[in-house]
Amino acid sequence: MKIIKILIVGLIILNSCNTKNPYLGQKPPGSIPEAFAPGLVTTGGWEHGGTFSPDMKEFYFLRQVGETNKKQEFVVYKDDDNKWKETVISPRKGQPFISPDGKIMFLGKRYMERKENGDWSEIKKLDTPFDSLPIMSLSASSKGTYFFDEFKRDFTGDIRYSRLVNGTYEEPRLLNKSINTGKSFHPFIAPDESYLLFDSKREDGYGDSDIYISFRLQNGSWGNPINLGDKINTKAWEASASVTPDGKYLFFNRNIGSDKYENVDIFWVDAQVIENLRPKQ
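Residues numbered from 1 in each chain as written. Predicted model: local features only at pLDDT ≥ 70, side-chain atom pairs only at ≥ 80, totals over all residues. Heavy atoms only, no water.

Attention now goes to the overall build of the protein. From N to C terminus, the protein includes two helices and 22 strands. For a compact globule of 281 residues, the expected C-alpha radius of gyration is about 19 Å, and the protein comes in at 18 Å, within 12% of that figure. With the principal axes as the frame, the protein shows a C-alpha extent of 50 × 45 × 40 Å. Split into buried and exposed, the 281 residues of the protein put 51% on the buried side. Looking at the protein alone, contacts between residues at least 24 apart form 44% of all its contacts between residues at least 6 apart. Within the structure as shown, the protein displays about 14,200 Å² of accessible surface, and the carbon and sulfur contribution to it stands at 51%. In the protein, the 38 positive side-chain charges and the 38 negative ones have mean positions that sit 1 Å from each other. (Helix = DSSP H or I, 4+ residues; strand = E, 2+ residues; numbered from the N terminus. Rg over C-alpha atoms; globule rule 2.2 N^0.38 Å. Buried < 20%, exposed > 50% of the residue type's maximum accessible area, 1.4 Å probe, protein only. Contact = heavy atoms within 4.5 Å. Areas by Shrake-Rupley, 256 points an atom, 1.4 Å probe, with all protein chains shown as cover. Lys, Arg positive; Asp, Glu negative; His and termini not counted. Charge placed at Lys NZ, Arg CZ, Asp CG, Glu CD.)

Now for the sheet that holds strand β12 (residues 157-162). Pairing is antiparallel in the open sheet, where four strands are placed in the order β10-β11-β12-β15. Sheet topology places β10 (135-140) and β15 (173-174) at the edges, where each strand pairs with a single neighbour. Relative to β15, β12 runs antiparallel, the two sharing two bridges. Each bridged residue has a counterpart across the sheet, and for R160 the counterpart in β15 is L174. (Pairing = 2+ DSSP bridges.)

Time to look at the pairing of strand β17 (residues 195-200). Burial of β17 is extensive: six of the six residues sit out of reach of the surface. Neither face of β17 is open: one carries Y195, L197 and D199, the other L196, F198 and S200, and all of them are buried. Relative to β17, strand β16 (residues 184-189) is paired through four bridges, and the arrangement is antiparallel. Bridge pairing in β17 places S184 opposite S200. Linking two consecutive strands that pair antiparallel, namely β16 and β17, is a turn of five residues; a positive phi of about 65° is found at E193 within it. Two strands pair when backbone bridges link them, and β17 and strand β18 (residues 210-215) are joined in this way by six bridges, in the antiparallel orientation. Residue pairing in the sheet places Y195 in a bridge with F215 of β18.

Low pLDDT means the predicted atomic positions in that stretch should not be read closely. Overall, the prediction assigns the protein a mean pLDDT of 92, with 92% of residues at 70 or greater. Every residue in residues 1-19 scores below 50 in pLDDT, and together they form 28 contacts with partners more than four places removed in sequence or on other chains. (pLDDT = per-residue confidence, 0-100.)

With that settled, consider unusual backbone geometry. In this structure, the amide linkage connecting T128 to the following residue, P129, adopts the cis form with an omega of 15°. A positive phi angle, near 50°, is found at A37, a position not held by glycine. Structurally, A37 can be placed in the loop between β1 (34-35) and β2 (47-52). Backbone geometry places E193, a non-glycine residue, at a positive phi of 65°. On the secondary structure map, E193 appears in the loop between β16 and β17.

On to the environment of S214. Mapped onto the elements, S214 comes out in strand β18. In this structure the C-alpha to C-alpha distance between S214 and L196, which are 18 residues apart in sequence, comes to 5.2 Å. Those residues in contact with S214 that sit more than four places away from it in its chain are I179, S194, Y195, L196, W222, G223 and P225. Engagement of the side chain of S214 in a polar contact is seen with the backbone oxygen of G223, the distance being 2.6 Å. (Polar contact = N/O pair within 3.5 Å; in protein donor to acceptor, adjacent residues only side chain to side chain.)

Okay, structure coming up:
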């Protein structure tokens, strides 16, 4: 009943809002994270992995089906003539990330290509050297460099990257040990590769998994990870951070429910939090 009421309120908000706003008509947050689009995207259930297309006219995410998160579906809101419309695309196919040029949607180790009519192609699989790796989440920079996690059955994992050189992807390499501790997941690489967001459970954290950032140094190496702080991270599970294509807002997930993760919400906050942590060079 709670979810139904939230959805009804969300529909009222959707119909009354200014849909020329690229964020589903939502009032942008400040420096304190807020649940994104209550009743439309965020409900009393499980939602995960929100991402906008580069033109800010499509918003993709995953959500639960029914009362448990064992079944999940892939959903998009599209701005159709200044009206946001919801479509269920399919059952879950993987965590979505759209390349900075808007031409490819990655779904872990699978992907779809944007066709000339604006639709997505059928799902394809990444070739060698990625086809044998257990990739959960993958993002790409404007140069085409892939950053992805390697999720293992014992719930450990590390982050690797692979550069595109002369049209061919290099063998994936591990990032340094300050980033990889065996529990590093969901990498998001900035389009210009100036910083990397990821989540990890560490002794210096606030409890469960926290979101960290590593900035690219002048010599090309990666700086020591910085915890995003107690406004973003709590004793609960925070993960899957990304930044909107316009660079204005940080999106991430937070567990609001129990240790069964029955209520995971999508939050957003002003991306100034990143600039506040960026080293002065």
